[in-house]
Amino acid sequence: MLKKKIFSLIMFVVTATSYADTLTHVEGDVQVFTHPGKKMQGPPPHTLFEGLYYSYHPAKMGEAVEPESIVVTGVGGKAKAIFDNGDQVYLGSGTRYQFGEKNHASAFALFYGAVRNVVSKLGPRKAMTLGTKDCVMGVRGTDFIVFRPSAALETKLTVLRGSVSVKNKTVAAGQTAIVKTKSGPIISATSSNDIDFIRTHHGTAKVQYFYRSFIKTYPTEKIDEGKFCYPGHSPFT
């Protein structure tokens, strides 16, 4: 199933509207999981995920995403959320991402998939954390991308601006780190071409960073190149 999950991020011009995470773009199959609990609560239908029951419904443009909620994008699905100060979150295809915890609204979690976070170093999420099954990353105002395949035992982190700390190491702008559960991060320089392709708009050009990653991981898989193209402008803040 993982081979069929093409991971891509879509960049758009943004306008902040409210303090809560607000979904400003929903494309394809996107669901929101709410009302987590050991027992079913909230309106039906319900689903069981990571030992908890959730009520779920199709995501809607303009919807506020409350802490502990999980946004789920299906194959080909994408979503974007923004905060009042302009912080932004972009969810690629095949992603499950939790927007904060009940008692720690700045503790986010990526269960699997691909996500880009643009966080102001002066805003309320300047000290946010992002956890995966392999590690917890400390963010200090930055622009970064995290990819965590569901079937893999590693997390890939690429920092575009600022820095991210992980397992007592600092990953700076222009660096990529591979993090496994039982070992420290392996840090290397991200090519300037990859960074340029991610950060700038090229009309219908492929997002080469993810396109190349997919080809390297699945060399025999048939590729829909359209899934690696994006409209709109880059999300500079």
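Keep in mind that this is a model prediction, so the values were computed, not measured. (Residues numbered from 1 in each chain as written. Predicted model: local features only at pLDDT ≥ 70, side-chain atom pairs only at ≥ 80, totals over all residues. Heavy atoms only, no water.)

Draft legend 1. Structural context of the confidence of the model for the protein. For the protein, per-residue confidence averages 79 on the pLDDT scale, and residues scoring 70 or more make up 70% of the total. Across the protein, the secondary-structure element scoring lowest on mean pLDDT is helix 2 (residues 208-217), at 55, and the one scoring highest is strand 4 (residues 52-58), at 97. Of the regions scoring below 50 in pLDDT, residues 1-19 engages in 78 contacts with residues more than four places distant in sequence or in other chains. Ignoring residues within four places in sequence, the model shows residues 227-237, a span with pLDDT below 50, making 53 contacts including any to other chains. (pLDDT = per-residue confidence, 0-100. Helix = DSSP H or I, 4+ residues; strand = E, 2+ residues; numbered from the N terminus. Contact = heavy atoms within 4.5 Å.)

Draft legend 2. The nonpolar core, seen in detail. Y97, F99 and L130 are the most contacted members of the largest nonpolar core, which has 31 residues in total. No other element matches the 4 residues that strand 10 (residues 107-119) contributes to this core. Beyond its immediate stretch of four places on either side in the chain, L130 contacts Y97, F108, A109, L110, V115, N117, C135, V136, M137, F144 and V146. One finds F33, Y54, I70 and V72 within the second-largest nonpolar core, a separate group that totals 7 residues. (Core = buried A, V, L, I, M, F, W, Y, C linked by side-chain atoms within 4.5 Å. Buried < 20%, exposed > 50% of the residue type's maximum accessible area, 1.4 Å probe, protein only.)

Draft legend 3. Structural context of the pattern of salt bridges. Taken as a whole, this structure holds 6 salt bridges when the rule is applied. The partner of D87 in a salt bridge is R125, with the nearest N and O atoms 2.9 Å apart. A residue pair is termed long-range when its members are at least 10 positions apart, and D87 in the loop between strand 7 (78-82) and strand 8 (88-91) and R125 in the loop between strand 10 and strand 11 (129-131) qualify at 38 residues. Exposure class is identical for D87 and R125. Each is buried. (Salt bridge = Lys/Arg side-chain N within 4 Å of Asp/Glu carboxyl O.)

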